[in-house]
Amino acid sequence: MEKLRGLEISTAMGCRLNCAYCPQELLLSTYYREDKKRARFLTMEGFYKALESVEEGGFVSFCGMVEPFHNPQCADMIKYAYEKGYRVYLFTTLMGMTDADFEKIKDVQLDFFELHIADEQGKCHFSITPEYKRLLKKMQETFQTYTYCVHGDVHHELTEIIDMEKVESLHLTDRAGNLDIGRKKISRTAPFLCVHGFEDSVNVWIPVMLPDGTLVACCNDYGMRHQFGNLIRQTWEEIAAGTEYKKFRASWDDDEIHSLCNACGGAVPLEMLPSQKLQRALEEDTTEQKLEPAAAEQFNRLKKAKRVIVWGTGEYFRDHYLYFKWNEALRPAAILDSDPKRQGRSFGGGYYAKIPRRSVFRKAI
């Protein structure tokens, strides 16, 4: 059965931080338009059911369109997902998190951890209490913080607590046309590819599940323009066979079909992908003088190679090789891996085979 490689979750509806760059009013008005009693919080039962549609070893991202810990059961969900073998990503402001929540997740090995912190300009409505600062210290001591995100300058009460070298000041975006920021709207032309994501992690497209199970396009779909189905009541296979999902994905290749992606900066024209640039360079016989030294070295090796062999089919290969079209640029003669379970299978223009002796491998390239 076809399953999702990952799932992003909005554990609750309505974020108390009410950040200036987050169109919460649009989300709430759309979500409750037809049913005022629509679920505000994702239940544990709903969470269990949704995870059945995520592949084994896939990832679960606690982020979406709300602070995850606004749901009192968020810590239980994080712990459950981890214990079931899923990779867990956490994006949080810590607003709503308690010491009891910390105790539940302190032994979880997060695959990605990002802290959103208060800004000096007050664009986010944080409560910087002694309890919050104590919890902030505990979290960053326990988990490896990838980055601290802030829209503006770091709040003066936090500069001595956090690692300022890891601060990333984010630029204001219009959330794929859902927020008026006084700038010209983005207009993408197909074919393009969604690269919305984060470095050192999976940045292929994944949908967002709202508290009642509704599956929408992504964390920019505040107006719920694309509602694919309900992951609590349906399987991903059923949803992926639906009209709305098929139309959404077709919009990436067909400029006659418009979607939220046409107004999003995360949609990158195919010709701008590094793999496609490399393919053109190889086909046009670009000289190394036109390239940076590191790129020129790799280019020359590829240009002179009689055969290209891809070695290793781990997480990075799985999440990037086909999605970002490296198979079209590299056109490997073989894809090798030492895992017997992966050998002898066809995959993306090459095949799995047993890894040869190192001397043979060197001769092959």
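Residues numbered from 1 in each chain as written. Predicted model: local features only at pLDDT ≥ 70, side-chain atom pairs only at ≥ 80, totals over all residues. Heavy atoms only, no water.

Chemist: Please provide a residue-by-residue account of the nonpolar core, values included.
Modeler: Counting 90 residues, the largest nonpolar core has Ile78, Met139 and Trp205 as the members making the most contacts within it. Looking at this core element by element, the count peaks at five residues for helix 3 (residues 74–83). (Core = buried A, V, L, I, M, F, W, Y, C linked by side-chain atoms within 4.5 Å. Buried < 20%, exposed > 50% of the residue type's maximum accessible area, 1.4 Å probe, protein only. Helix = DSSP H or I, 4+ residues; strand = E, 2+ residues; numbered from the N terminus.)

Chemist: Go over the sheet that holds strand 3 (residues 87–92), please, and point to the residues and values.
Modeler: Spatial ordering of the open sheet is given by 6-5-4-3-2-1-8-9-10, a layout of nine strands whose pairing is mixed. The sheet terminates laterally at strand 6 (167–169) and strand 10 (227–230), the two strands that pair on one side only. Of the pairings in the sheet, the one linking strand 1 (residues 4–9) to strand 8 (residues 208–209) comprises two bridges and is parallel in character. Bridged to Glu8 within strand 8 is Val208. (Pairing = 2+ DSSP bridges.)

Chemist: Could you give an account of the pattern of salt bridges, with specific residues and numbers?
Modeler: Counted by the stated rule, this structure contains eight salt bridges. When the shortest N-O distance is used, the salt bridge between Arg134 and Asp99 registers 2.7 Å. Placement of Arg134 in helix 5 (residues 130–142) and of Asp99 in helix 4 (residues 99–105) is noted, with a sequence separation of 35 residues between them. The partly exposed category is assigned to Arg134, whose relative accessible area is 38%. (Salt bridge = Lys/Arg side-chain N within 4 Å of Asp/Glu carboxyl O.)

Chemist: Explain the environment of Gln234 to me, using residue names and the numbers behind them.
Modeler: Its place among the elements puts Gln234 in the loop between strand 10 and helix 6 (236–240). Between the C-alpha atom of Gln234 and that of Arg342, which follows or precedes it by 108 residues, the distance is 30 Å. Aside from chain neighbours lying at most four places away, what touches Gln234 is Ser53, Gly229 and Ile239. (Contact = heavy atoms within 4.5 Å.)

Chemist: Requested: an account of helix 1 (residues 24–31), with residues and values cited.
Modeler: Along helix 1, the positions that sit buried rather than exposed are Gln24, Leu27, Thr30 and Tyr31. For helix 1, the arc enclosing every buried residue in end-on projection is 140 degrees, short of the 170-degree limit, so these residues lie on one face. (Arc of directions from axis to C-beta.)

Chemist: Could you give an account of the packing of helix 2 (residues 44–51) against helix 3, with specific residues and numbers?
Modeler: Packing of helix 2 against helix 3 brings their axes to within 11 Å, and their N-to-C directions diverge by 30 degrees. In terms of orientation, helix 2 and helix 3 fall into the roughly parallel class. Crossing of helix 2 over helix 3 shows right-handed handedness. Listed contacts from helix 3 to Met44, Phe47, Tyr48 and Leu51 of helix 2 are Asp76, Met77, Tyr80 and Ala81. Residue classes in the contact of helix 2 with helix 3 are distributed as seven nonpolar, no polar and one charged. (Axes fitted to C-alpha atoms, helices over the stretch in contact; angles between N-to-C directions. Parallel < 35°, antiparallel > 145°, perpendicular 65-115°, else oblique. Left-handed = near helix turned anticlockwise from the far one by under 90°. Nonpolar A, V, L, I, M, F, W, Y, C, P; charged D, E, K, R; others polar.)

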